[in-house]
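# An overview of the molecular structure
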Amino acid sequence: QVQLAESGGGFVQTGGSLRLSCAASGDFAHIEIMGWYRQAPGKQREFVARITRLESTYYRDSVKGRFTISRDNAKNTVYLQMNSLKVEDTATYYCNVRVVPREAIYEVDYWGEGTPVTVSS
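What counts and how
- In this numbering scheme, every chain counts its residues from 1 along its sequence in written order.
- The predicted nature of this model means local features are confined to residues of pLDDT at least 70 and side-chain atom pairs, given and counted, to a pLDDT of 80 or more, with totals for whole chains, interfaces and linings taken over all residues.
- Note that the side-chain values use all heavy atoms of the structure and ignore hydrogens as well as water.
- Remark: nonpolar core denotes a set of buried residues (Ala, Val, Leu, Ile, Met, Phe, Trp, Tyr, Cys) joined through side-chain atoms within 4.5 Å.
- Burial classification: accessible surface area is computed with a 1.4 Å probe over protein chains only, and a residue below 20% of its type maximum counts as buried, one above 50% as exposed, and the rest as partly exposed.
- Only runs of H or I of at least four residues qualify as helices and only runs of E of at least two qualify as strands under DSSP, and these elements are numbered from the N terminus.
- The criterion for strand pairing is that DSSP finds at least two bridges linking the strands in question.
- An axis is simply a line fitted to the C-alpha atoms; with a helix, the fit covers only the stretch in contact. Between two such axes, the angle follows the N-to-C directions and lies from 0 to 180 degrees.
- Here a salt bridge means any side-chain nitrogen of Lys or Arg lying within 4 Å of a carboxyl oxygen belonging to Asp or Glu.

### Comments concerning the nonpolar core
By size, the foremost hydrophobic cluster in this structure holds 30 residues, and its most contacted members are Trp36, Leu80, Met82, Tyr93 and Val97. Listing elements by their share of this core, those giving two or more residues are strand 1 (2-7), strand 3 (18-26), strand 4 (30-39), strand 5 (46-52), strand 7 (67-72), strand 8 (77-82), strand 9 (91-100) and strand 11 (115-120). Looking at this core element by element, the count peaks at five residues for strand 9.

### A word on the pairing of strand 9
In the case of a regular strand, side chains alternate between the two sheet surfaces. The element strand 9 is largely enclosed, with a buried count of eight among its ten residues. Bridge count for strand 4 against strand 9 is nine bridges, and the pairing is antiparallel. Bridging across to strand 9, His30 finds its partner in Val100. Two strands pair when backbone bridges link them, and strand 9 and strand 11 are joined in this way by three bridges, in the antiparallel orientation. Its bridge partner being in strand 11, Tyr93 is matched across the sheet by Thr115.

### A look at unusual backbone geometry
The residue Glu55 is not glycine, and still its phi comes out positive at about 70°. If you trace the backbone, Glu55 turns up in the loop between strand 5 and strand 6 (57-59). What makes Glu55 partly exposed here is its relative accessible area of 47%. The phi dihedral of Glu103 is positive, around 55°, even though this residue is not glycine. On the secondary structure map, Glu103 appears in the loop between strand 9 and strand 10 (108-111).

### Topic: the sheet that holds strand 1
Strand order in this open sheet of four strands is 1-3-8-7, and the pairing throughout is antiparallel. The open sheet has two edge strands, strand 1 and strand 7, and neither has a second partner. Ignoring which end each strand starts from, the neighbouring axes of this sheet average 15° apart. Where strand 7 meets strand 8, six bridges bridge the pair, whose relative direction is antiparallel. Paired with Ile69 across the two strands is Leu80, which belongs to strand 8.

### Description of the pattern of salt bridges
Under the defined criterion, the tally for this structure stands at eight salt bridges. Lys64 is the salt-bridge partner of Asp61, the closest N and O atoms lying 3.0 Å from each other. When the shortest N-O distance is used, the salt bridge between Asp109 and Arg98 registers 2.8 Å. Pair noted here: Asp109 is in strand 10 and Arg98 is in strand 9, with a separation of eleven residues, a long-range link. Of the residues examined, Asp109 reaches a relative accessible area of 34% and is grouped as partly exposed.

The structure is reproduced here in structure tokens:
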């Protein structure tokens, strides 16, 4: 089992910044992919950003140039630095990790409980 501890959400005005963190703990061989998704009220969950074990990064178009994802493999932690926040970034942000269990050749996805981000105009 893997536990995910998210932090960093909150309230911010348009143009402000927030930094989300998600620390993974548990018994696993390594984490292949760490990422963030978000879900606004009344909308489907959508991809925001992800980073591979080799630190390749991918972003949804609407956050490119404003959000930066990074990871600390020693701490099994992923970060999402969010700058120039817009009202439309308001959502609950969910951490997602894809891990390889010990002595396994398959991968398992885990989700955090979500941390809310509210951007006011």
